[in-house]
Structure formats: C-alpha cells, structure tokens
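Survey of secondary and tertiary structure
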Amino acid sequence: MGSYRKDLAYIHDIGYGNFARDATPSLLGLLKRHGISNGLVVDLGSGSGIWARALSDAGYQVLGIESSRAMITIARKRVPDAEFRVGSLLKMPLPPCVAVTALGECFNYLFDDGNNKRALATTFRRILGALPRGGLLVFDAATPGRAAGSGPEQRFRMGKDWAVLATVREDPRRRLLTRRITTFRKIGASYRRDEEVHRQRLYSKAE
C-alpha cells in the first residue's frame, strides 16, 4: 500500500522535521567548504522538502527524488521553485549535479524490494557518474543496535492533532530493523487510524 501515506507524511513533517532543520547549517557549511556554492543538488529520499527549502534559499537548484507521493505533495508546496520526482532512489536516472544528498537513513529502507548490497553498489556508481571531480555525496546510515534489548520496544509521541505509536524490533542475526507504526490524525471531530510497516537493513560502519 506504499510508505509514508498521507497521515504519516503529515505527522513526520510536523513532528519529526527537526532532524533536517537542525542539520541544515552544518550541511550548508560542508558544501561551502568543498567549494560548492551553487549548481544542482540532487536530494534522494527528499521527504517533505525541509532540506530542499534550505538549499533553495541558499541559491542552489534542487531535484528531489522521493517514493512517497504524499511527501512529494508537501514538498512541492514548501519549495515550488524546486523539482520533485516520484520514484525509487535506486532506479531514478540522475542528471549531472554538483552534490547528492540522502538524509534520514534512506539507503537502509526496504521500501524497494530490490534494495540489497548489489543494488546499492550500482546506485553509488550512478551517483559517481553524475558528479564532477570534487563533487560531494552526503548520506547517513542506520547501524546495528538501534533498538534496545532483544524484545520489541514501544515508542509513543503525540501532537496537537496527531499521535503515533511505533513498535520497534531488531533482528541481530538478519540485521533487520522493523517498525510497526500506528498513526492517529484528527479529522474534524474524530481521529483517523492508519498503520504502516517500515523495514531497514542495518549496515556496519565498515560496510
């Protein structure tokens, strides 16, 4: 049924956007330190466009690639001067660009059934081919040890018109993290419930 559907996309944007906002100053500084002050930045897994907004405000052109149509809808409203495409970051053609970013552990998610080491290696080669000498790839990754203990861990957060409950389980042998997410979003006088399951392949720092 897809990932980050309408309600979870809304909740993620309004309730979990601080990661992108807090990282913005250091990320812009990283681009500047590498002599990248303008040009096209491709943002893989661009989400609701928070980082894309910062890039656009700093004078960069932005192409965001995101598999969630609901996230893309929010991003297009937030950054109307950027371009956003719905698709898999593993398969979408990449134009020549000065930098590629992939924030929020995008390479770990198994939304695409074909996401494995071989597919990631191919993706990195495509990124290399899109970047000039001196171009930059910036990404973060989820590593083993994300969930405490051996059993499921429950996490809960709520806002003015939403609540989210996540049951998180890590399989150390398979190095697989599973989040079973239940959302409640206020619509009129009632709350609408939805559920999603997100899985991540965990990679060691050496990998």
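Computed from a predicted model, the values in this text were never measured in an experiment.

**Some words on the sheet that holds strand β9 (residues 190–201)**
Ordered in space as β6-β7-β8-β9, the 4 strands form an open sheet in which the pairing is antiparallel. A strand with exactly one partner marks an edge of an open sheet, and here the two such strands are β6 (153–159) and β9. The average undirected angle you get between the axes of adjacent strands in this sheet is 15 degrees. Pairing geometry for strand β8 (residues 176–187) and β9, over 12 bridges, is antiparallel. By the bridge assignment, Arg180 is partnered in β9 with Val197. Its contacts with the sheet place helix α1 (residues 6–15) against β6, β7 (162–171), β8 and β9, and it is angled at close to 95 degrees to β8.

**Comments concerning the side chain of Thr183**
Inspection of the secondary structure assignment puts Thr183 in strand β8. Sequence-distant contacts of Thr183, defined by excluding residues within four places in its chain, comprise Asp7, Leu8, Ile11, Ala163, Val164, Arg192, Arg193 and Asp194.

**Digging into helix α4 (residues 69–78)**
If you check which residues of α4 are buried, you get Ala70, Met71, Ile72 and Ala75. Check the buried side of α4 and you find it contacts α1, β2 (61–66) and β3 (83–86).

**Things to note about the packing of α1 against α4**
Remark: α1 packs on α4, axes separated minimally by 8 Å, with the N-to-C direction vectors making an angle of 45 degrees. What the angle tells us is that α1 and α4 run oblique. Between α1, through Lys6, Ala9, Tyr10, His12 and Asp13, and α4, the contact on the second element is made entirely by Ala70, Met71, Ile74 and Arg78. Here the residues of the contact of α1 with α4 sort into 5 nonpolar, 1 polar and 3 charged.

**Points about the packing of aromatic side chains**
All told, the structure shown has 6 aromatic pairs when counted by the stated rule. Where Phe107 meets Phe139, the ring centres are 5.4 Å apart and the plane angle is 70 degrees; that geometry is what we call edge-to-face. With a gap of 32 residues between them, Phe107 in the loop between β4 (99–102) and α5 (117–130) and Phe139 in strand β5 (residues 136–139) connect regions that are remote in the sequence. Within the aromatic cluster, the residues linked to one another by ring pairs are Tyr4, Tyr109 and Phe111. One cation-aromatic arrangement involves Arg157 over Tyr16; the distance from NZ or CZ to the ring centre is 4.4 Å. The residue whose ring lies beneath Arg185 is Tyr10, and the NZ or CZ to ring-centre distance is 3.9 Å.

The rules behind these values
- Residues numbered from 1 in each chain as written.
- Predicted model: local features only at pLDDT ≥ 70, side-chain atom pairs only at ≥ 80, totals over all residues.
- Heavy atoms only, no water.
- Pairing = 2+ DSSP bridges.
- Helix = DSSP H or I, 4+ residues; strand = E, 2+ residues; numbered from the N terminus.
- Axes fitted to C-alpha atoms, helices over the stretch in contact; angles between N-to-C directions.
- Contact = heavy atoms within 4.5 Å.
- Buried < 20%, exposed > 50% of the residue type's maximum accessible area, 1.4 Å probe, protein only.
- Parallel < 35°, antiparallel > 145°, perpendicular 65-115°, else oblique.
- Nonpolar A, V, L, I, M, F, W, Y, C, P; charged D, E, K, R; others polar.
- Phe/Tyr/Trp six-rings, centres within 6.5 Å; stacked < 30°, edge-to-face > 60°.
- Lys NZ or Arg CZ within 6 Å of the ring centre and 35° of its normal.

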